[in-house]
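# Structure at a glance
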Amino acid sequence: MSTDSSARNILLSAAIFIAMEIAALAILSKSSSLANIWITRASHRTMAAVWGGFENVRNIFNLSEQNEVLLEQNIRLTEELQKYKAAEEAATEVSSSAEAKSSTFRYIPATIVKISTNTAHNHIILNKGSEDGVKPDCGIISADGVIGIIKAVGRHYSYGLTLMNANVSIGGRIKGKGYLAPVVWDGRSTNGAYMKDMPLHHVVAPGDTIVTSGFSTIFPPDVPVGVAGESTMVDGSVYNITVTLFQDFSRLKYVSIVENLEKAEIQALEAGEEDR
């Protein structure tokens, strides 16, 4: 037998063997339950691996979106934390600076529940009342300046008139000069006022600082009010000075209520003098 014939016989035998193996596997998969189980499990493992790979890829793409959501949540929480810190710092700053000026005043930190800024008689409602020691005719101040006066008090809340009210006037003084005159709202803006009826011989320059006079039982002395602007002569005898308030009422949230602990004694003395 030639070499070529032997090679052809070997190849033919191999092909027949492979064909028979494939046929046997096909018959086995159809007839044997155990074989079916093995084949099914193998296919399931393959499908699980494929789908697991797809899921991992999808999670990688979703990770950036999840990070953005977490970042937004972190920013919101940080903003809230800063608000609480600002409230605490404002109350501490007002109390500390004012107590250093006079020990006759007590300070009660408060949060604004409601405030109006768009009428001629604007008011404010605070979250502190008689149970917190608030009384009528207490002053209201912020870290930036004078806010108003308490007029009515409930157990847990108090009602006051703000400086943005046509019926409110506070005693002002030019810092460093001692000139006195009442300060009233300009009736238009949330940070504008006038210093009224200043005598002509008192020279007030734009940029001069205005503070509380201290000549009242409501506000302690030297609480910031605002900055003097231009002057306008009235009736040839006095002039009014425009004032830019340090406190913009449209940005107001936290305040301190001021109580003069010696008010009753002062008022009793004044009443006794009037009765003479």
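This text gives an overview of the structure that appears in the document. Source: prediction; values computed, not measured. (Residues numbered from 1 in each chain as written. Predicted model: local features only at pLDDT ≥ 70, side-chain atom pairs only at ≥ 80, totals over all residues. Heavy atoms only, no water.)

In this section: the nonpolar core. One finds L126, I170, M195, M198, I210, V255 and I257 to be the most contacted residues of the largest nonpolar core, which totals 43 residues. If you tally residues by element for this core, the top one is strand β1 (residues 105-115), at five residues. Those residues in contact with I210 that lie beyond four places of it in its chain are G172, R173, I174, V183, M195, P224, V225, G226, A228, V243 and F246. (Core = buried A, V, L, I, M, F, W, Y, C linked by side-chain atoms within 4.5 Å. Buried < 20%, exposed > 50% of the residue type's maximum accessible area, 1.4 Å probe, protein only. Helix = DSSP H or I, 4+ residues; strand = E, 2+ residues; numbered from the N terminus. Contact = heavy atoms within 4.5 Å.)

One closed barrel accounts for six strands, arranged β6-β7-β8-β11-β10-β9; its pairing is antiparallel. The average angle at which neighbouring strand axes cross in this sheet is 40 degrees, direction not considered. As defined by bridge partners, strand β6 (residues 170-174) adjoins strand β7 (residues 180-185) across four bridges and the pair is classed as antiparallel. Paired with G172 across the bridge in β7 is A181. (Pairing = 2+ DSSP bridges. Axes fitted to C-alpha atoms, helices over the stretch in contact; angles between N-to-C directions.)

In this section: unusual backbone geometry. Phi is positive for D197, close to 60 degrees, though the residue is something other than glycine. Mapped onto the secondary structure, D197 falls in strand β8 (residues 192-199). Not every positive phi belongs to a glycine, and D222 is a case in point at roughly 65 degrees. Secondary-structure assignment places D222 in the loop between β9 (209-212) and β10 (224-234). Look at D222 and you get partly exposed, because its relative accessible area is 32%.

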